[in-house]
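# Observations on chain architecture
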Amino acid sequence: SDELVRSVAKLAATASDEVDDATAQSLALLQTEEIVLAAIVAGSIAVSALLAWLYVYRNVTARLVRLAETMRRVADGDLDVEIRKVANDEIGEMTDALIVFKQNGLEKRRMEAEQQELEEKRAAERRAELNALAERFEATVMEVVHGVADASGSMEKAAMRLSETAAQASEQTASVASASEQTT
């Protein structure tokens with residue numbers, strides 16, 4: 001019986017040592033698994049962050065950069081730039097607004113061209129009216145000049161006739177005076 005108790009005690013001690021060894025191995029394995037699990041979680045977070053960054057960069061940042069460049073070109077007056085709407089999100093709404101801005105710029109440019117054309121047409125009409133007025137004035141002045149020249153020629157002829165008549169009268173007066181002297 002003593003031996004039985006010793007055998008049981010020895011078996012119990014051996015079992016206790018084996019349980020302690022198994023517990024230590026389990027704890028070590030658990031710590032290793034925690035480290036592996038932490039590494040997997042950290043790796044998953046890093047990969048998720050990288051994927052999120054790539055998504056944001058490719059789908060948001062790159063689109064915003066392209067939209068900003070297009071906006072600069074439109075603001076600088078390049079209304080021939082192509083504006084492409086990629087998605088129906090907030091950036092798409094900004095693109096819609098830029099398209100409206102571009103269309104308004106094109107309409108303004110068209111209206112300015114029409115206004116310029118109308119002003120040039122009015123200026124040409126005004127020049128034509130002034131030229132016609134100048135031609136009418138010149139024609140009227142020429143008529144007056146011709147009338148004055150004709151009147152001047154008539155007056156010169158009349159003056160010559162008067163001068164001839166006066167010369168004849170003077171000769172006749174001289175003849176009459178000479179005849180009257182001879183009679184006396």
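Scroll up a little and you will see the structure.
Our subject in this report is the structure included herewith. (Residues numbered from 1 in each chain as written. Predicted model: local features only at pLDDT ≥ 70, side-chain atom pairs only at ≥ 80, totals over all residues. Heavy atoms only, no water.)

## Here's the deal with the pattern of salt bridges
A complete count under the given rule lists eight salt bridges for this structure. Across the pair Asp89 and Arg63 runs a salt bridge whose closest N-O atoms are separated by 2.8 Å. A residue pair is termed long-range when its members are at least 10 positions apart, and Asp89 in the loop between α1 (2-75) and α2 (90-183) and Arg63 in helix α1 qualify at 26 residues. The partner of Arg72 in a salt bridge is Glu69, and the shortest N-O contact between them spans 2.9 Å. Of this pair, Arg72 and Glu69 both sit in helix α1, three residues apart, which is roughly one turn of the helix. Classification of Arg72 as partly exposed rests on a relative accessible area of 48%. Connected via shared salt-bridge partners are Glu107, Arg110 and Glu114. (Salt bridge = Lys/Arg side-chain N within 4 Å of Asp/Glu carboxyl O. Helix = DSSP H or I, 4+ residues; strand = E, 2+ residues; numbered from the N terminus. Buried < 20%, exposed > 50% of the residue type's maximum accessible area, 1.4 Å probe, protein only.)

## With respect to a nonpolar patch on the surface
Among the surface-exposed residues, Val47, Leu50, Leu51, Trp53, Leu54 and Tyr57 lie close enough to one another that they form a single nonpolar patch of about 620 Å² accessible area. When you line up the elements, Leu50 lands in helix α1. (Patch = residues over 30% accessible without salt bridge, like charges linked within 9 Å, V, L, I, M, F, W, Y side chains within 5 Å. Areas by Shrake-Rupley, 256 points an atom, 1.4 Å probe, with all protein chains shown as cover.)

## Quick word on the packing of aromatic side chains
According to the stated counting rule, one finds one aromatic pair in the structure shown. The interplanar angle of 15° and the centroid separation of 5.6 Å between the aromatic rings of Trp53 and Tyr57 together place this pair among those described as stacked. Residue Trp53 and its partner Tyr57 are both found in helix α1; the two are separated by four residues, about one turn of the helix. Of the residues examined, Trp53 reaches a relative accessible area of 54% and is grouped as exposed. (Phe/Tyr/Trp six-rings, centres within 6.5 Å; stacked < 30°, edge-to-face > 60°.)

## Brief notes about α2
For α2, which comprises 94 residues, the first-to-last C-alpha distance of 135 Å matches the rise-based estimate of 140 Å (1.5 Å per residue) to within 8%. Buried within α2 we find Ile91, Gly92, Thr95, Leu98, Lys102 and Gly105. Elements in contact with the buried residues of α2: α1. Sitting at the amino-terminal end of α2 is Asp89, which places a side-chain oxygen 3.2 Å from the backbone nitrogen of Ile91. (Expected span 1.5 Å × (residues − 1). Contact = heavy atoms within 4.5 Å. Polar contact = N/O pair within 3.5 Å; in protein donor to acceptor, adjacent residues only side chain to side chain.)

By themselves, these observations are geometric and do not establish any function.
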